[in-house]
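Residue-level structure breakdown
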Amino acid sequence: MVARIYRPAKTAMQSGKAKTQRWVLDFEPEVAKSVEPLMGYTSSSDMKQQVRMVFESQEEAVAYAKRQGIPFRVEKSQARVVRGAAYSDNFKFDRVAPWTH
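Residues numbered from 1 in each chain as written. Predicted model: local features only at pLDDT ≥ 70, side-chain atom pairs only at ≥ 80, totals over all residues. Heavy atoms only, no water.

Topic: unusual backbone geometry
The phi dihedral of Lys-19 falls on the positive side, at around 65 degrees, and the residue is not glycine. Structurally, the position occupied by Lys-19 is in the loop between β1 (3-6) and β2 (23-27). We classify Lys-19 as exposed; its relative accessible area is 76%. (Helix = DSSP H or I, 4+ residues; strand = E, 2+ residues; numbered from the N terminus. Buried < 20%, exposed > 50% of the residue type's maximum accessible area, 1.4 Å probe, protein only.)

Structural data, given as structure tokens:
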């Protein structure tokens, strides 16, 4: 029962950064998921996979894990790289890729 403490990444479906400022503690799976043969449902007998706790800071999540005696692993998030681009760059004379229209 090892817990992961991490900061979730931005969802690819939206441009906002909601729910990325908080830290999440969840448990790694102990038992592999199995497929029910008749209907094809995926299930698991590991109930700890359903537990997901949210904390305001990394220190709070680590303190909770230590207080409860839960072994944990902290995963650092990578810095997001934002490349600036303007619409006018599509029509530049010295464009890297040729404009095919």
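Re the sheet that holds strand β6 (residues 72-75)
Strand order in this open sheet of four strands is β5-β2-β1-β6, and the pairing throughout is mixed. Looking at the sheet topology across the chains shown, the edges are occupied by β5 (52-55) and β6. Between one strand axis and the next, the sheet turns through 20 degrees on average, direction left out of account. Sheet topology places β1 next to β6; four bridges connect them, and they run parallel. Opposite Ala-3, over in β6, you have Phe-72 as the bridge partner. The strands touched by helix α1 (residues 58-68) are β1, β2, β5 and β6; relative to β6, the strand with the most contacts, the crossing angle is about 170 degrees. (Pairing = 2+ DSSP bridges. Axes fitted to C-alpha atoms, helices over the stretch in contact; angles between N-to-C directions. Contact = heavy atoms within 4.5 Å.)

Here's the deal with the side chain of Thr-20
One can find Thr-20 in the loop between β1 and β2. In this structure Thr-20 comes out as buried when scored by relative accessible area, which is 9%.

Section: a nonpolar patch on the surface
A surface patch of nonpolar side chains, amounting to about 400 Å² of accessible area, comprises Leu-38, Met-39 and Tyr-41. Structurally, Met-39 can be placed in the loop between β3 (34-35) and β4 (42-43). Residue Met-39 is classed as exposed on the basis of its relative accessible area of 52%. (Patch = residues over 30% accessible without salt bridge, like charges linked within 9 Å, V, L, I, M, F, W, Y side chains within 5 Å. Areas by Shrake-Rupley, 256 points an atom, 1.4 Å probe, with all protein chains shown as cover. Salt bridge = Lys/Arg side-chain N within 4 Å of Asp/Glu carboxyl O.)

Topic: the confidence of the model for the chain
On average, residues of the chain carry a pLDDT of 87, and 97% of them reach 70 or more. Between the elements of the chain, mean pLDDT differs from a low of 87, seen in β4, to a high of 96, seen in α1. (pLDDT = per-residue confidence, 0-100.)

Some thoughts on the packing of aromatic side chains
Inspection of the entire model under this criterion finds two aromatic pairs. Ring geometry for Phe-55 and Tyr-64: centres 5.6 Å apart, planes at 40 degrees, overall tilted. A ring pair is formed by Tyr-87 and Phe-91, whose centres lie 5.4 Å apart and whose planes are at 70 degrees; its orientation type is edge-to-face. Owing to a relative accessible area of 65%, Tyr-87 belongs among the exposed residues under this scheme. (Phe/Tyr/Trp six-rings, centres within 6.5 Å; stacked < 30°, edge-to-face > 60°.)

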